[in-house]
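So the chains spell out like this:
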2 protein chains.
Amino acid sequence: MNIALILAYDGTHYHGWQIQKNGISIQETLTAAAVRLLGQPVAISGVGRTDAGVHARRYVANFRADCTIPMPRLPLALNAQLPEDIAVSGAVVVPERFDARFDCTRKEYAYYLYPSRLRDPFLSGRAYRCPYPLDLGRMQEAAGYFVGRQDFAAVRSVGTPVKSTVRTIFHCEVEPCEENLIRIRVCGDGFLYNMVRAIAGTLTYVGCGKLAPADIRTILDAGERENAGPTLPACGLFMNRLWYEHTPALAPFSLDR
Amino acid sequence: MNIALILAYDGTHYHGWQIQKNGISIQETLTAAAVRLLGQPVAISGVGRTDAGVHARRYVANFRADCTIPMPRLPLALNAQLPEDIAVSGAVVVPERFDARFDCTRKEYAYYLYPSRLRDPFLSGRAYRCPYPLDLGRMQEAAGYFVGRQDFAAVRSVGTPVKSTVRTIFHCEVEPCEENLIRIRVCGDGFLYNMVRAIAGTLTYVGCGKLAPADIRTILDAGERENAGPTLPACGLFMNRLWYEHTPALAPFSLDR
């Protein structure tokens, strides 16, 4: 059977989602837990790569296995094999052809940052501390320019080659959170490498006055990375919500809340 | 001069505030940072002990030293010497006789817990996961019984001998927080050993139906520890607010917010 897992993880101590040679990954840790529990080799695919230090409030992975454990019990059974910073919250049988990556129709990332001269020990590894004050209104105005189907070459790092740098962003919102925290949410049909972290860096440049909101238009049109703001650190980035519009089995988990 | 520091710390990786032989403490770490910065021995006193794994959103400590660094710069200078999980947010010169412990007139602790079968990786070490559902209304009703000047022998662990087990609780409130989180705030003129964690444990017994709200009255009157609920784990406990009503120098830091 093909099983989809819904999970969350604090990525601080991992070298990202994908199995790799030079450090422990979420994929490797989750695979080891499933192998121990099910007593058979499994190959787990995830909705996408996340970089070292990036977190996920919602993440979907799938694997094919013979599993006699009822689905409602699988999360607890897997959690017993997992470290504290990874937790499975749901498990469901999905159609044989389901693939966590290709069946995901939209993703939303959230980037958390707080403007402060002084660090907050409770936000360490969970948000980026921006050392200068930020104007939320300016950032909100600038965020609107990222919405739509357009070329995002200006806000990506060069990584794996891609056929096209055109993507659709459905929403890009800057919101105040509790205390001094600011959350930037970006939802799209796909993302280029480091795109959200570059958007967040560009928005902080607008927030501190180094760029004007309308400069975003010019920057995107020119498509040159050096015109935009910096790629902010991984610690503030969370995979936040996922949409699987053609997979009714995942609907009860309200991945798009 | 006598210097008061306002700080915050994530206590997860420390054996509490107080210097001790069997592990690294906040007091030791802060002292080492001050000694490195000021180049002189310092003796730092804190507002109170916190146990291993307990956190502080607000903590006040004081020490006497010759310090040529202007007070507004001292927090950043100390933070440069401190690990990520401890941060100084304010420094101020206080009267020579000021003592962080004896001049504190009230303290508020917050205890965070969430009812869930499944753990949340982002709350690991920061909140207690209660494995059964909780009725918030019952807990709120029960909390009222802890308010007032009374004997709290029923909700303390036997630790250092104390002259009296009578304390004044000014407020005890149970509030829903973001997501599934519940916050219990207890403010008093002093606390017995493990008192807040025992109050929190007793309130969860009310929340899950093992005790009725009115049982709190009987439990406090009888004064027997075994009638009350369990002492919940340290991870959920935060020193939250502090009042120094007779120390105007500390007022700008709004410790009682």
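Everything numeric here is computed off the predicted structure, so don't read it as measured data. (Residues numbered from 1 in each chain as written. Chains lettered and ligands numbered in written order. Predicted model: local features only at pLDDT ≥ 70, side-chain atom pairs only at ≥ 80, totals over all residues.)

Participant: Sorry if this is basic, but what is going on with the overall build of chain A here?
Facilitator: Counting its secondary structure elements, chain A contains five helices and 10 strands. Each principal axis of the C-alpha distribution contributes one length, and for chain A these read about 60 × 40 × 35 Å. Expressed as a percentage of its 257 residues, the buried residues of chain A come to 44%. Contacts in chain A between residues at least 24 apart in sequence constitute 71% of all its contacts with a sequence separation of at least 6. (Helix = DSSP H or I, 4+ residues; strand = E, 2+ residues; numbered from the N terminus. Buried ≥ 20, exposed ≤ 12 C-beta atoms within 10 Å, placed from the backbone. Contact = placed C-beta atoms within 7 Å.)

Participant: Looking at this structure, how should I read the domain arrangement of chain A?
Facilitator: For an interface, size is often stated in terms of accessible area lost upon the parts coming together. All names here are of chain A. On domain assignment, one finds that chain A holds domain 1 (2-103) and domain 2 (106-239). The C-alpha centroid of domain 2 is placed 28 Å from the C-alpha centroid of domain 1. For the side of domain 1 that touches domain 2, a count of residues per class yields four nonpolar, four polar and three charged. (Domains from an automatic or database assignment. Nonpolar A, V, L, I, M, F, W, Y, C, P; charged D, E, K, R; others polar.)

Participant: Looking at this structure, I do not really get the interface of chain B and chain A. What am I missing?
Facilitator: With 19 residues of chain B at the interface, the matching set in chain A holds 19 residues. Looking at the side of chain B that touches chain A, the elements with two or more residues in it are strand E1 (2-9), helix H2 (74-79) and strand E4 (86-94) of chain B. Looking at side-chain class alone, the side of chain B that touches chain A contains nine nonpolar, three polar and seven charged residues.

Participant: Any chance you could explain the relation of the copies chain B and chain A here in plain terms?
Facilitator: Two chain copies, one operation linking them: a rotation about an axis together with a shift along it. When chain B is fitted to chain A, the best match, at an RMSD of 0.0 Å, comes from turning it 180° and sliding it 0.0 Å along the axis. Expressed as a symmetry operation, the mapping of one chain copy onto the other fits a two-fold axis. Residue Glu178(B), judged by its C-alpha, is the member of chain B lying nearest the rotation axis, at 4.7 Å. Of the residues that chain B buries at the interface, 100% are likewise interface residues in chain A, meaning the two copies contact each other through the same surface. (Least-squares fit on C-alpha atoms with pLDDT ≥ 70 in both.)

Participant: When you look at the confidence of the model for chain A in this model, what are you seeing that I'm missing?
Facilitator: One rule of thumb: low pLDDT means the predicted coordinates there are not for detailed reading. Of the residues in chain A, 98% have a pLDDT of 70 or more, and the chain-wide mean is 94. On the interface metric, ipTM, the complex scores 0.89, and its pTM is 0.91. (pLDDT = per-residue confidence, 0-100.)

Participant: Whenever I open this one, the environment of Asp189(B) confuses me. Can you help?
Facilitator: Residue and element names in this part refer to chain B. Take Asp189: it is sitting in the loop between strand E9 (182-188) and helix H4 (195-207). Along the chain, Asp189 and Gln27 lie 162 residues apart, while their C-alpha atoms are 23 Å from each other. Setting aside anything within four residues of it in sequence, one finds Asp189 in contact with Thr105, Arg106, Arg167 and Thr168.

Participant: What should I look at first to understand the environment of Pro233(B) in this one?
Facilitator: Residue and element names in this part refer to chain B. Of note, Pro233 is situated in the loop between helix H5 (215-222) and strand E10 (237-243). By C-beta crowding, Pro233 is classed as partly exposed, having 18 other C-beta atoms within 10 Å. In this structure, the C-alpha to C-alpha distance between Pro233 and Arg64, residues 169 residues apart in sequence, is 35 Å.

Participant: Would you explain unusual backbone geometry in this entry?
Facilitator: The phi torsion of most residues other than glycine is negative, and most of the peptide bonds are trans. The backbone of Asn194(A) shows a phi angle near 65°, a positive value even though the residue is not glycine. With respect to the helices, strands and loops of the structure, Asn194(A) is situated in the loop between strand E9 (182-188) and helix H4 (195-207). For Asn194(A), a count of 21 C-beta atoms within 10 Å translates into the label buried. Located in the positive-phi region is Glu179(B), a residue other than glycine, with phi close to 55°. Considering the arrangement of structural elements, one finds Glu179(B) in the loop between strand E8 (166-176) and E9.

Participant: So what exactly am I meant to see when it comes to the packing of helix H3 (residues 136-143) of chain A against H4(A) here?
Facilitator: Two quantities define a packed helix pair, namely the angle between the helix axes and the distance between the axes. Residues and elements named next belong to chain A. Contact geometry for H3 and H4: axes closest at 8 Å, N-to-C directions at 135°. With respect to H4, the element H3 is oriented oblique. The two elements H3 and H4 meet at a crossing, and its hand is right-handed. Listed contacts from H4 to Arg138, Met139, Ala142 and Ala143 of H3 are Leu203, Val206 and Gly207. (Axes fitted to C-alpha atoms, helices over the stretch in contact; angles between N-to-C directions. Parallel < 35°, antiparallel > 145°, perpendicular 65-115°, else oblique. Left-handed = near helix turned anticlockwise from the far one by under 90°.)

Participant: Whenever I open this one, the environment of Ala214(A) confuses me. Can you help?
Facilitator: Residues and elements named next belong to chain A. By the element assignment, Ala214 lies in the loop between H4 and helix H5 (215-222). Judged by the 12 C-beta atoms lying within 10 Å of it, Ala214 falls in the exposed class. A sequence separation of 71 residues divides Ala214 from Ala143, and the C-alpha atoms of the two residues are 10.0 Å apart.

Participant: Help me understand helix H1 (residues 26-38) of chain B, please; the structure alone is not making it clear to me.
Facilitator: Since the α-helix turns once every 3.6 residues, residues separated by three or four places project in the same direction. Residue and element names in this part refer to chain B. Taking 1.5 Å per residue as the helical rise, H1 with its 13 residues ought to reach 18 Å, and the 18 Å between its terminal C-alpha atoms agrees with that figure. Every buried residue of H1 is listed here: Ile26, Gln27, Leu30, Ala33 and Ala34. Projection of H1 onto a plane perpendicular to its axis shows the buried side chains occupying an angular sector of 135°, all on one side. On its buried side, H1 packs onto E1, strand E2 (45-46), strand E3 (55-64), H2 and E4. Phi for Gly39, located one or two positions after H1, is positive at around 65°. (Expected span 1.5 Å × (residues − 1). Arc of directions from axis to C-beta.)

Participant: Sorry if this is basic, but what is going on with the pairing of strand E1 (residues 2-9) of chain A here?
Facilitator: Residue and element names in this part refer to chain A. Of all eight residues that make up E1, seven are buried, and the element is covered over most of its length. Of the strand pairs in this sheet, E1 and strand E3 (residues 55-64) are connected by seven bridges, and their pairing is antiparallel. In the strand pairing of E3, Asn2 is matched with Arg64. (Pairing = 2+ DSSP bridges.)

Participant: What is the right way to read the pairing of E9(A) from this model?
Facilitator: Two faces, one strand: in a regular strand the side chains alternate between the faces of the sheet. All names here are of chain A. In terms of residue burial, E9 counts as a mostly covered element, since five of its seven residues are buried. In terms of strand pairing, strand E8 (residues 166-176) meets E9 through seven bridges, oriented antiparallel. Note that in E9 the partner of Cys172 across the bridge is Val186. In this structure, the hairpin formed by E8 and E9 is closed by a connection of five residues, where Glu179 is found at a positive phi of approximately 55°.

Participant: Whenever I open this one, the nonpolar core confuses me. Can you help?
Facilitator: As a rule of thumb, soluble globular proteins bury nonpolar side chains together. Core analysis: the largest hydrophobic core is formed by 79 residues, its most contacted members being Leu7(A) and Ile199(A). With eight residues, H4(A) is the single largest residue contributor to this core. Two domains each provide a minimum of three residues to this core, namely domain 1 (2-103) and domain 2 (106-239) of chain A. Setting aside residues up to four positions removed in sequence, Ile199(A) forms contacts with Phe146(A), Val155(A), Cys172(A) and Val186(A). The next biggest cluster of nonpolar side chains, apart from the first, holds 78 residues, and it includes Ile44(B), Phe152(B), Leu192(B) and Ala198(B). (Core = buried A, V, L, I, M, F, W, Y, C linked by C-beta atoms within 7 Å.)

Participant: Where do I start with H3(A) in this structure?
Facilitator: All names here are of chain A. Within H3 the residues assigned to the buried category are Met139, Ala142 and Ala143. Buried positions in H3, seen along its axis, are confined to an arc of 100° and lie on one side of it. For H3, the secondary structure elements touched by its buried residues are E8, H4 and H5.

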